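Take a look at the letters that make up each chain.
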Number of protein chains: 2
Amino acid sequence: MAGGIGSRFWPMSSPEKPKQFLDVLGCGKTLIQLTLARFRTVVPPENVWVVTSQRYESLVREQLPEVPARNVLLEPCRRNTAPCICYVSWKIKKQNPRANIVVAPSDHVIGDVDAFRSAVNDALEFAAETDAIVTLGIKPTRPETGYGYIKADLGFSSSRKKNIFRVDEFREKPTAEVAEGYVKQGNYLWNAGIFIWSVSTIINAFRVYEPELSAMFEDLMPCYDTPDEQAQIDKLYPECKDISVDYAIMEKAEEVFVYPADFGWSDLGSWGSLRQQVKQDAYGNACIGPDISLYDSHNCIVHATEEKKVVVQGLDGYIVAEKDGTLLICRLSEEQRIKLFH
Amino acid sequence: MAGGIGSRFWPMSSPEKPKQFLDVLGCGKTLIQLTLARFRTVVPPENVWVVTSQRYESLVREQLPEVPARNVLLEPCRRNTAPCICYVSWKIKKQNPRANIVVAPSDHVIGDVDAFRSAVNDALEFAAETDAIVTLGIKPTRPETGYGYIKADLGFSSSRKKNIFRVDEFREKPTAEVAEGYVKQGNYLWNAGIFIWSVSTIINAFRVYEPELSAMFEDLMPCYDTPDEQAQIDKLYPECKDISVDYAIMEKAEEVFVYPADFGWSDLGSWGSLRQQVKQDAYGNACIGPDISLYDSHNCIVHATEEKKVVVQGLDGYIVAEKDGTLLICRLSEEQRIKLFH
């Protein structure tokens, strides 16, 4: 899934080039390239599908040349995750009705890639043998209020996999107090938006819980991989309900499982979370750019990959970001206001 | 005098383009252009002389096309104000031995231009009629420790001009305590480095107090305005003593007078002084650039003429300056450290 517009990372990201297409970590690879690399030993690139906006087609082709052009699906407009997943599921079903699928955002970071692969492979094995809908649940490291939580029934592990558990329920982003309780209780996990299932399982779920949506993409089966496909999608996609797969499927389905994982994960949903993912100096500063010098500064994130030189003196807890002639300086604690600034 | 290298205003100014050649105030004119404009009704542009570094020749020619090329004198190296003034004085003497001269830095700001012109014209009249060395003394508005002071003998005004007084002595940059005393006493004025004298007066002063320097430029008289001039200057100028006109002449000469002036002056020697010269918003912020938005910010100076957009949130008392791919963020109170940063 590569359709996000990255509005929280202005001015680093912009609707013209959102964060999945940027080298956010300053490691030489963009987030979507890191995502593909993460799946290298899980799935060959010809079996990778990218669903993105039409405006990002050339960015995807340029950054992921290994992925076949026919596997890049282009949304004419944003309609949340359910239509996106339904579309690609029918496309995959047409190609291989026995496929197993991992659905993953393209703009997250994973710390321990080997642990991630092992979790995904485990979950894929389980999904292939059952009708289970599996989600990866991240063991929370702090009472984060910016994520949704999954309540796991830790007393009820699957008979086939001891480390996969039934989901009790999905919980919306909590208040700070509630989040504290979740972390203490130990059976609440972060919902990372990573799903594993067989194509037949997810198609059946769409047929049951979103029959109209499912029927729409099923009806298009004959025109998939024909010159008419894009025109049909352009016509019909805007009519899809704007709904997340969490609401449409996960919260309603019966056989929902969670795989508690501990591989270091962030959705990079904020400058604060980016700061935590990047190597910090002894004073908690994270700097991404060719020549950044800090004096008397603490707990800052400085992202200035296009500036030849940056000198910061005397800041504590600030974002400094420069991109394409636009400069932002903002307290990290006020970063939710960034959307209002541009 | 246009040879300064503006190291305190990095990254706005740089040795390649120091502050006299920049539109520091964001008014559409560079400081040297404002300086020339200030003298418009005092002296015609063909009588304006610019002494600058060879590396700034094209900047001067480009920014001051009204000044004749032969009036732009090029130093092969920096040798402080005494050699610069001695050179141009002999050049002027050759052209008109009865000339009167105003010596002025090219990178200062003057608030009330009419009051400035009236002070200069008054002082010129006085200098023309006498052998006086006249300096403009700025009535101090605060106990500034960054300027030198002139102690005026306010009981001894000149018989010809009631508002021109004998100088008791020149004082170096004082401590804060001493500066407080100066301001209270009322007879101490800021030394603005603006001098008025006849060419014969200053030449005689150089002959008396800096005979070697004077002899050097006198010996060059035959080659002035010949193709050989620059080569001779390039050869001999580096041998000049590195000394200010204040040390060389002002502190030694007998007939030194001061004209107390009150026209609003700043040497723009610091980001702090620039902030005070630029229109501030209600929160004490001075912004120079096409699109600068401040939130929850006070007492800042933001200079970003090349950035398309700047957003600053939550800063109090900071410099934010961007130029040519270089960004500086620094507390105003720490600006003396800027030289160490680049």
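A quick note: this is a predicted structure, and the numbers were derived from the prediction, not measured. (Residues numbered from 1 in each chain as written. Chains lettered and ligands numbered in written order. Predicted model: local features only at pLDDT ≥ 70, side-chain atom pairs only at ≥ 80, totals over all residues. Heavy atoms only, no water.)

## Here we look at the nonpolar core
And then number 1: With 47 residues, the main nonpolar core has B:Ile85, B:Ile133, B:Trp197, B:Phe206, B:Phe217 and B:Ile249 as its most contacted residues.
And then number 2: Here this core takes eight residues from helix α3 (residues 81–95) of chain B, the largest share from any one element.
And then number 3: Setting aside anything within four residues of it in sequence, one finds B:Ile85 in contact with B:Met1, B:Val103, B:Trp197, B:Ile202, B:Phe206 and B:Val245.
And then number 4: One finds A:Ile101, A:Phe170, A:Trp197 and A:Ile249 within the second-largest nonpolar core, a separate group that totals 46 residues. (Core = buried A, V, L, I, M, F, W, Y, C linked by side-chain atoms within 4.5 Å. Buried < 20%, exposed > 50% of the residue type's maximum accessible area, 1.4 Å probe, protein only. Helix = DSSP H or I, 4+ residues; strand = E, 2+ residues; numbered from the N terminus. Contact = heavy atoms within 4.5 Å.)

## Thoughts on the sheet that holds strand β16 (residues 326–331) of chain A
And then number 1: Strand order across the open sheet formed by six strands is β11(A)-β13(A)-β15(A)-β16(A)-β14(B)-β12(B), with mixed pairing between neighbours. In the strand order of this sheet, the two ends are held by β11 (286–288) of chain A together with β12 (292–295) of chain B, each with one partner. Between one strand and the next, the sheet's axes are offset by a mean angle of 5 degrees, whatever the strand orientation. (Pairing = 2+ DSSP bridges. Axes fitted to C-alpha atoms, helices over the stretch in contact; angles between N-to-C directions.)

## Side note on the interface of chain A and chain B
And then number 1: Listed as interface residues are 28 residues of chain A and, on the opposing side, 28 residues of chain B.
And then number 2: In terms of surface lost to chain B, no three residues of chain A exceed A:Gln313, A:Leu327 and A:Ile329, which account for 27% of the buried area on that side.
And then number 3: The interface formed by chain A and chain B contains four salt bridges.
And then number 4: One salt bridge in this structure joins B:Asp324 and A:Lys308, with 3.6 Å as the shortest N-O distance.
And then number 5: Of all the secondary-structure elements, those providing two or more residues to the side of chain A that touches chain B are β14 (309–313), β15 (318–323), β16 and α11 (338–341) of chain A. (Buried area = accessible area lost by both parts, 1.4 Å probe. Salt bridge = Lys/Arg side-chain N within 4 Å of Asp/Glu carboxyl O.)

## Observations regarding the packing of helix α6 (residues 199–209) of chain B against helix α7 (residues 211–219) of chain B
Residues and elements named next belong to chain B.
And then number 1: α7 packs onto α6 with a crossing angle of 125 degrees between their chain directions and a minimal axis gap of 5 Å. Accordingly, the angle class assigned to the pair α6 and α7 is oblique. Packed against α6, whose contacting residues are Ile203, Phe206, Arg207, Val208 and Tyr209, the element α7 presents Pro211, Leu213, Ser214 and Glu218 at the interface.
And then number 2: Taken together, the residues that form the contact of α6 with α7 break down as six nonpolar, one polar and two charged. (Parallel < 35°, antiparallel > 145°, perpendicular 65-115°, else oblique. Nonpolar A, V, L, I, M, F, W, Y, C, P; charged D, E, K, R; others polar.)

## Quick look at the side chain of A:Glu307
And then number 1: Relative to the helices and strands, A:Glu307 is located in the loop between β13 (301–303) and β14.
And then number 2: One buried charged residue, A:Glu307, forms no salt bridge at all, with the nearest opposite charge on A:Lys308 at 8.3 Å.
And then number 3: Apart from residues no more than four positions distant in its own chain, A:Glu307 is found in contact with A:Pro290, A:Glu322, B:Glu322, B:Gly325, B:Thr326 and B:Leu327. (Lys, Arg positive; Asp, Glu negative; His and termini not counted.)

## What about the sheet that holds strand β16 (residues 326–331) of chain B?
And then number 1: Sheet architecture is open: six strands sit in the order β12(A)-β14(A)-β16(B)-β15(B)-β13(B)-β11(B), paired in mixed fashion. Every interior strand has two partners, whereas the edge strands, β12 (292–295) of chain A together with β11 (286–288) of chain B, have only one. Strand-to-strand, the axes of this sheet are offset by a mean angle of 5 degrees, without reference to chain direction.
And then number 2: Pairing of strand β15 (residues 318–323) of chain B with β16(B) involves six bridges; the strand directions are antiparallel. Paired with B:Tyr318 across the two strands is B:Arg331, which belongs to β16(B).

## Some details on the confidence of the model for chain A
And then number 1: Put simply, chain A has an average pLDDT of 95, and 100% of its residues get 70 or more.
And then number 2: Overall fold confidence for the complex sits at a pTM of 0.85, while the interface term, ipTM, reaches 0.84. (pLDDT = per-residue confidence, 0-100.)

## Details of the packing of aromatic side chains
And then number 1: If you walk through the whole model with that rule in mind, you get 32 aromatic pairs over all chains.
And then number 2: Plain terms: the ring middles of A:Phe9 and A:Trp271 are 4.9 Å apart, the flat faces sit at 65 degrees to each other, and that makes the pair edge-to-face. Highlighted residues: A:Phe9 in the segment before α1 (31–38) and A:Trp271 in helix α10 (residues 271–277), separated in sequence by 262 residues. A single burial state applies to A:Phe9 and to A:Trp271, both of which are buried.
And then number 3: Here the aromatic cluster, defined as three or more aromatic residues joined through ring pairs, consists of A:Tyr87, A:Phe217, A:Tyr224 and A:Tyr237.
And then number 4: Above the face of the B:Phe116 ring, B:Arg38 is positioned so that its terminal group lies 5.6 Å from the ring centre. (Phe/Tyr/Trp six-rings, centres within 6.5 Å; stacked < 30°, edge-to-face > 60°. Lys NZ or Arg CZ within 6 Å of the ring centre and 35° of its normal.)

## What about the pairing of strand β9 (residues 256–261) of chain A?
The side chains of a regular strand alternate between the sheet's two faces.
Residue and element names in this part refer to chain A.
And then number 1: In terms of residue burial, β9 counts as a mostly covered element, since six of its six residues are buried.
And then number 2: By the bridge criterion, six bridges tie strand β5 (residues 133–138) to β9 in an arrangement that is parallel. Within the sheet, the bridge partner assigned to Ile133 lies in β9 and is Val256.
And then number 3: Here two bridges tie strand β7 (residues 165–171) to β9, and the two strands are oriented antiparallel to one another. Pairing of Phe165 across the sheet is with Val258, part of β9.

## Examining the relation of the copies chain A and chain B
And then number 1: Expressed as a screw operation, the relation of chain A to chain B combines 0.1 Å of axial shift with a rotation of 180 degrees, fitting to an RMSD of 0.1 Å. Read as a symmetry element, the transformation amounts to a two-fold axis.
And then number 2: Mapped onto chain B, 100% of the interface residues of chain A again fall at the interface, so both copies present the same surface. (Least-squares fit on C-alpha atoms with pLDDT ≥ 70 in both.)

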